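# Breakdown of the fold
Read off the chains here:
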Amino acid sequence: MRKRLFNLRVPADGPAPSGADTVPADIIVDGERIAAVLRPGERPVEAGEMRFDLHDRLVLPGAIDGHVHFDDPGFTHRENFGTGTRSAAAGGVTCVVDMPCTSLPPVTSRANLANKLAEIDPQAHVDYMLWGGVSANAMEEPGWIANLEDLVSEGVAAIKVYMLSGMDTFRDLDEANLEAVLLETRRLGVPVGVHAEDRRMVLAITDRLIDEGRDGPLDYAASRPAEAEAVAVSALRDLCRRIGARIHVVHVGSGAALNVIRAAREEGLPLSGETCPHFLEFTEDDLVAQGSLLKTAPVVKTAEDRDRLWAGLASGDVQHVATDHAAGEWPAEKQTGSIWTDYGGVPGVELLLPYLYSEGYRQGRITLDRLVELVSTAPATFFGIGARKGRIAAGFDADLAVIDEGEERTVHAEELHNLNRYTPFEGRAMAGRVTDTFVRGTLVYTRYAPGAESFGPAGFGRWVKRKTPGDA
């Protein structure tokens, strides 16, 4: 059915005559795709056209969260694909990219991929892609290269590896194994996402602190210093030079690591990075105040690191923003009695776009165009779907996030939609609010009054395969 979304504003395509960064528009949707973006009144309403009045709200391309752990199957006491994608829809996220490591079995082979798809596809409220992975466990199998080839041929979004892992079911790679994986991914034309912390450094500091009986938030922070990130990213830079593989550093938390990435890119190396909202908002002072509720890996660092990451968003040093959504079972896994055994991870998918809109664009730290690039255009390009998602333009999927810019919200965990509802953003005021989310032209979330909202059906979300080799 043909739809017309009207009485709305979209980001201006270049400088607007008024100097504003948005312009009024009508969006015509034919089936699942955008048919046209028009000036109001440019084309008469057609017979049978379904009309949606968006009340002068801002419409952005739906956000793509390129780093979520929805834990399904295997760890569904923490999250499941239904609750995770409902939360995404409520935050204007129209496509998520789920990690391979927090599933049982991990997504390291075609059979494991098929097992995961059978579990999650009937639950999805928004579109999704899947990371494949290579772990030390997987490389103990003689057919690991064939398994990697199968994952790429099936259309996984990218390949995930760890330089430091805390999961027995998905162990980290040593230098030789990492190099072997990068040689294969270069041949196959698929990027690799790396958890980049120096294993030896982190484990040595951790063992020493535990032996000394230290068990506070700052002790955990001290065990994962900025230097551990910088050393690991420097090793990845060297591998880029030697091999030429496309490498992406996930959840960059330190300015030192970002500086290595920037220098590598200036050198012309295929190295990039993403950061997360919790690194943009919080510091070690907040970790002391909130304790394990804010425990993540990597860990939040200093105000200087936070400021460097914001500067990197504005300058282009950071390629995109993702959440690393990884909820633990609340409160049991977050309150075990020791910082060392408390679960490390926070939910985040629902606040990705609201946070960057409020604290990035509305605070003047980034432009509206840069916001769209960070959460829509750049991740779509990175994951090889830039020809169909991430833009409001004719021919693209009608994935849209509608924001009421005049509303302010205060974040409360109980109002979020993921399974385990806790958040380090509790009580934070944010400008603007997502009121509607469209996936491929269908309304999958609407907040039609305060406290009143509805969702589209589970199973509407569709698996999206990587289409573009390399980093188009």
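In this text, all values refer to a predicted model and were calculated from it rather than measured experimentally.

Moving on to the overall build of the chain. Each helix and strand in the chain was counted, giving 14 helices and 17 strands. Its C-alpha radius of gyration of 21 Å places the chain within 12% of the 23 Å reference for a compact globule of 472 residues. When the backbone C-alpha atoms are referred to their principal axes, the chain occupies close to 70 × 50 × 45 Å. Looking at the chain residue by residue over its 472 residues, the buried ones come to 61%. Accessible area for the chain stands at about 17100 Å²; split by element, carbon and sulfur atoms hold 49% of it. Within the chain, the 70 negative side-chain charges are centred at a point lying 5 Å from the centre of the 49 positive side-chain charges.

The nonpolar side chains of a soluble globular protein tend to be buried with one another. In terms of nonpolar packing, the biggest core is built from 103 residues, with Val96, Leu236, Leu356 and Leu371 touching the most fellow members. No other element matches the seven residues that helix H8 (residues 226-243) contributes to this core. In contact with Leu356, not counting residues within four places along its chain, are Leu280, Trp310, Leu313, Val321, Tyr361, Ile366, Leu371 and Val375. Counting residues in hydrophobic clusters, the runner-up holds 17 residues, among them Met129, Trp131, Ala157 and Tyr162.

Turning to helix H9 (residues 255-266), a few remarks are in order. Taking 1.5 Å per residue, 12 residues should reach 16 Å; H9 reaches 16 Å between its end C-alpha atoms and fits that length. Those residues of H9 that fall on the buried side of the exposure criterion are Gly255, Ala257, Leu258, Val260, Ile261 and Ala264. For H9, the secondary structure elements touched by its buried residues are H8, strand E11 (247-249), strand E12 (271-275) and helix H12 (303-315). Within two residues after H9, Gly268 carries a phi angle of roughly 90°, on the positive side.

With respect to burial, E12 is a largely interior element, five of its five residues being buried. Taking the sense of rotation as the criterion, the β-α-β connection linking E11, H9 and E12 turns out right-handed. By the bridge criterion, two bridges tie E12 to strand E13 (residues 320-321) in an arrangement that is parallel. Of the residues in E13, the one forming a bridge with Thr275 is Val321.

With that settled, the discussion passes to the state of the cysteines. Tallied over the entire structure, the rule returns zero disulfides. Free of any disulfide, Cys101 has its nearest cysteine sulfur in Cys276, 13 Å distant. What makes Cys101 buried here is its relative accessible area of 1%.

What describes two packed helices is the angle between their axes and the distance between those same axes. Orientation of helix H5 (residues 175-188) relative to H8, taken along the N-to-C sense of each, is 45°, at an axis distance of 11 Å. On the basis of their axis angle, the class for H5 and H8 is oblique. When the axes of H5 and H8 are compared, the crossing they make is right-handed. From H5, Glu175, Leu178, Glu179, Leu182, Leu183 and Arg186 reach across to H8, where they touch Leu236, Leu239, Arg242 and Ile243.

This brings us to the sheet that holds strand E7 (residues 127-130). An order of E5-E6-E7 is seen for the three strands of this open sheet, with the pairing classed as parallel. This sheet does not close on itself; its edge strands, each paired only once, are strand E5 (63-68) and E7. Between one strand axis and the next, the sheet turns through 20° on average, direction left out of account. Across the sheet, helix H2 (residues 110-120) is in contact with strand E6 (93-98) and E7; its angle to E7 comes to roughly 160°.

Taking strand neighbours across the sheet as the criterion, the eight strands line up as E3-E2-E1-E4-E14-E15-E16-E17 in an open arrangement whose pairing is mixed. Only two strands of the sheet have a single neighbouring strand rather than two, namely strand E3 (33-38) and strand E17 (452-455). Here the strands of the sheet are splayed against their neighbours by 35° on average, with no regard to which way each runs. Here helix H13 (residues 352-361) sits on the sheet and contacts strand E4 (50-61), strand E14 (400-410) and strand E15 (429-439); the angle it forms with E15, its principal contact strand, is near 135°.

Attention now goes to unusual backbone geometry. A cis amide bond links Asp72 to the next residue, Pro73, at an omega of 0°. For Pro73, the position within the fold is in the loop between E5 and helix H1 (81-90). Backbone torsion omega between Leu104 and Pro105 reads -5°, so that peptide bond is classified as cis. Take Pro105: it is sitting in the loop between E6 and H2. Unlike most non-glycine residues, His251 shows phi in positive territory, near 35°. Assignment of secondary structure puts His251 in the loop between E11 and H9. Its relative accessible area of 3% is what places His251 among the buried residues. Phi angles above zero are rare outside glycine, and Asp324 is one such case at about 55°. Summarising the element assignment, Asp324 is placed in the loop between E13 and H13.

Let's shift gears to the confidence of the model for the chain. Put simply, the chain has an average pLDDT of 96, and 98% of its residues get 70 or more. When the elements of the chain are averaged for pLDDT, strand E16 (residues 442-449) gives the smallest value, 95, and E6 the largest, 99.

At their nearest, the axes of H8 and H9 sit 8 Å apart, and the two run at 20° to each other. Here H8 is positioned roughly parallel relative to H9, judged by the angle of their axes. Both H8 and H9 take part in a crossing whose hand is right-handed. Across the interface between the two elements, Glu229, Ala230, Val233, Ser234 and Arg237 from H8 touch Ala256, Ala257, Val260, Ile261 and Ala264 from H9. Grouping the amino acids of the contact of H8 with H9 by side-chain chemistry returns seven nonpolar, one polar and two charged.

Calculation criteria
- Residues numbered from 1 in each chain as written.
- Predicted model: local features only at pLDDT ≥ 70, side-chain atom pairs only at ≥ 80, totals over all residues.
- Heavy atoms only, no water.
- Helix = DSSP H or I, 4+ residues; strand = E, 2+ residues; numbered from the N terminus.
- Rg over C-alpha atoms; globule rule 2.2 N^0.38 Å.
- Buried < 20%, exposed > 50% of the residue type's maximum accessible area, 1.4 Å probe, protein only.
- Areas by Shrake-Rupley, 256 points an atom, 1.4 Å probe, with all protein chains shown as cover.
- Lys, Arg positive; Asp, Glu negative; His and termini not counted.
- Charge placed at Lys NZ, Arg CZ, Asp CG, Glu CD.
- Core = buried A, V, L, I, M, F, W, Y, C linked by side-chain atoms within 4.5 Å.
- Contact = heavy atoms within 4.5 Å.
- Expected span 1.5 Å × (residues − 1).
- Right-handed = clockwise from strand over helix to strand, strands pointing away.
- Pairing = 2+ DSSP bridges.
- Disulfide = S-S within 2.5 Å.
- Axes fitted to C-alpha atoms, helices over the stretch in contact; angles between N-to-C directions.
- Parallel < 35°, antiparallel > 145°, perpendicular 65-115°, else oblique.
- Left-handed = near helix turned anticlockwise from the far one by under 90°.
- pLDDT = per-residue confidence, 0-100.
- Nonpolar A, V, L, I, M, F, W, Y, C, P; charged D, E, K, R; others polar.

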